[in-house]
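# Inside the fold
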Amino acid sequence: MSRVSFEKKRAQQPVAHPAVVPVRVFGAGRASVGGTSVVAAPGEEIQQAVLNHLQRLAISIGAPIRATIQDDLAGCVVPLEVSADGSSRVTGQAVRVAAPAKPGAAGASSQAAVAAPQGARDVPPVTQSAPVSAGSVQAPTGQFGPAPVMSVTGAPTPAMSVTKAPTPVTDLLEPEPDPTTATPTPARGFDAVAEEVLGDEPVTETAEGAELLSEPMTRINEAVRSGRIEAAAQLADRTVTEATTMLGPRHAEVLHLRELSAYIAYLGGDPVGACRQSLDLARLRRQARDTEAAYGNVQSAATAWRAVRDPEEGLRLGRDLIELWADLTTEPGPAADDPRPLESARARMVRLTDRAARAARP
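Residues numbered from 1 in each chain as written. Predicted model: local features only at pLDDT ≥ 70, side-chain atom pairs only at ≥ 80, totals over all residues. Heavy atoms only, no water.

### What about the overall build of the protein chain?
Secondary structure summary: the protein chain contains 11 helices and 10 strands in total. Here the protein chain has roughly 17,400 Å² of accessible surface; of this, 54% comes from carbon and sulfur atoms. (Helix = DSSP H or I, 4+ residues; strand = E, 2+ residues; numbered from the N terminus. Areas by Shrake-Rupley, 256 points an atom, 1.4 Å probe, with all protein chains shown as cover.)

### Some points on the environment of Ile264
Within the secondary structure, Ile264 is located in helix α6 (residues 252-267). Ile264 gets classed as buried once you look at its relative accessible area, which sits at 1%. On a C-alpha basis, the gap between Ile264 and Ala233 in space is 6.0 Å, while along the polypeptide they are 31 residues apart. Sequence-distant contacts of Ile264, defined by excluding residues within four places in its chain, comprise Ile220, Val224, Ile229, Ala232, Ala233 and Ala236. (Buried < 20%, exposed > 50% of the residue type's maximum accessible area, 1.4 Å probe, protein only. Contact = heavy atoms within 4.5 Å.)

### Examining the side chain of His251
Looking at the secondary structure, you find His251 in the loop between α5 (229-247) and α6. In contact with His251, not counting residues within four places along its chain, are Thr206 and Glu208.

### Let's talk about the environment of Ala67
Following the sequence through the fold, Ala67 ends up in strand β4 (residues 65-71). Given the relative accessible area of 0%, Ala67 is considered buried. With 44 residues separating them in the primary sequence, Ala67 and Val23 have C-alpha atoms 6.6 Å apart. Apart from the residues lying within four places of it in its own chain, the contact partners of Ala67 are Val20, Val21, Val23, Leu54, Val78, Pro79 and Leu80.

### Observations concerning the nonpolar core
Val224, Tyr263, Ile264, Trp305, Leu321 and Trp325 are the most contacted members of the largest nonpolar core, which has 47 residues in total. Those elements that provide at least two residues to this core are α3 (189-198), α4 (207-225), α5, α6, α7 (271-287), α8 (291-305), α9 (311-329) and α11 (340-360). Counting residues per element, this core draws most heavily on α9, at eight residues. Counting residues in each nonpolar core, the second largest holds 21 residues, with Val23, Val25, Ala31 and Ala67 among its members. (Core = buried A, V, L, I, M, F, W, Y, C linked by side-chain atoms within 4.5 Å.)

### What about the packing of aromatic side chains?
Within the structure shown, the criterion is met by three aromatic pairs. A centroid spacing of 5.7 Å and a plane angle of 50 degrees characterise the contact between Phe190 and Tyr263, whose relative ring orientation is tilted. With Phe190 in helix α3 and Tyr263 in helix α6, this pair connects stretches of sequence that are 73 residues apart. Since its relative accessible area comes to 6%, Phe190 is described here as buried. Accessibility expressed as a relative area gives 0% for Tyr263, which makes it buried. A network of ring pairs unites the aromatic residues Phe190, Tyr263 and Tyr266 as a single cluster. Over the ring of Trp305 we find Arg348, and its NZ or CZ is 4.7 Å from the ring centre. (Phe/Tyr/Trp six-rings, centres within 6.5 Å; stacked < 30°, edge-to-face > 60°. Lys NZ or Arg CZ within 6 Å of the ring centre and 35° of its normal.)

### Topic: the confidence of the model for the protein chain
When pLDDT is averaged across the protein chain, the result is 74; 69% of the residues are at 70 or more. When pLDDT is averaged over each helix and strand of the protein chain, the minimum, 37, is found for strand β10 (residues 160-161) and the maximum, 95, for α7. Every residue in residues 1-18 is under pLDDT 50, and counting partners more than four places away or in other chains gives 33 contacts. This model gives residues 103-182 a pLDDT under 50, and the stretch forms 194 contacts once residues within four places in sequence are excluded. (pLDDT = per-residue confidence, 0-100.)

### Topic: α11
Because the α-helix completes a turn every 3.6 residues, residues three or four places apart line up on one side. Taking 1.5 Å of rise per residue, 21 residues should cover 30 Å, and α11 covers 31 Å from first to last C-alpha, within 8% of that figure. Taken together, the buried positions of α11 are Pro341, Leu342, Ala345, Arg348, Met349, Leu352 and Ala356. Across the axial projection of α11, the buried residues extend over an arc of 115 degrees, all falling on one side. Of the residues in α11, the exposed ones pointing more than 90 degrees away from the buried face are Arg340 and Val350. Looking at the buried positions of α11, the neighbouring elements they touch are α8 and α9. (Expected span 1.5 Å × (residues − 1). Arc of directions from axis to C-beta.)

### Brief notes about the pairing of strand β5 (residues 76-82)
Counting buried residues along β5, seven of its seven residues qualify, which places the element largely inside the surrounding structure. Residue alternation in β5 divides its side chains into two sets, Cys76, Val78, Leu80 and Val82 and Val77, Pro79 and Glu81, and both sets are buried. Linking β4 to β5, which pair antiparallel, is a turn of four residues; within it Gly75 sits at a positive phi near 75 degrees. In this structure, β5 lies alongside strand β7 (residues 95-97), joined through two bridges in antiparallel fashion. Within the sheet, the bridge partner assigned to Cys76 lies in β7 and is Arg96. When β5 meets strand β6 (residues 88-89), the two strands line up antiparallel, connected through two bridges. Bridge pairing links Glu81 to Arg89 in β6. (Pairing = 2+ DSSP bridges.)

Below, the structure written as structure tokens:
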């Protein structure tokens, strides 16, 4: 399908919102999202890992993810909604539940009283549903709602402070859109790739690509939409290799496939690989004097870069990203039209430098 016809079709096919995903935080470092086990990485809080997982689900389906968070230590259930850009909003009421009793402990049959946020009401503990495959969602289990940042400490607390949700991207690159802006910003970077994945037909760049790649791209898109990210990554890698052999490494279809591959790497929790691949694509696009496409790849790289947790790795990638980004701002095109995202990236480099310095102290 050509890009023009895809845009027309996409406008007629609104994306349905998913069902509520049950989330349970069992304690520091361990949680379950929709029946899928989530474990915090070294140095990462479990709340961050949960919200990262929910954001990746939102990106994969192109719509906000609704979830109910039960934090066993906090003794509360809070409804949340996480969008693909990592933002969140609280719309529901926090609900107090009884703290789980430790097996074998004295008085295990009695339920401990837990402090709850003002206005919370008592309900029975949430029952975990049967495990499901990663990326899938289940039928609604409660009121739709938004995302808090949950407080996990050694003792029960009133627990979930309401803030903008962290994301695999610790800092949002794009400013909030101006509601008075007459012309909406076109989708770029991973947002544009996500829209293509959600289309009911694969998007190719050329008639030759439509003939050769429609079938494998359909399988890749279906795997992403169903949450089978690992399978999608394997299919994408194989398709990129085959297309490169047939068409050459700089062919438009190969570059387009590599954008999809980078997006899948990001969904699969490999932000470093996604960032490096997007930077490579941005350099190739710039060499071809396609500043619009190059800037889209820079936006993808920036999104992946903000998901990199290690400050040293973040600094290395950030230097490459900002150097290329700054070069693009000297040429006519979208990068030069709005310098604010680049300034935001530079501000993050300052924060990463401070974090790296603190980590290096004995």
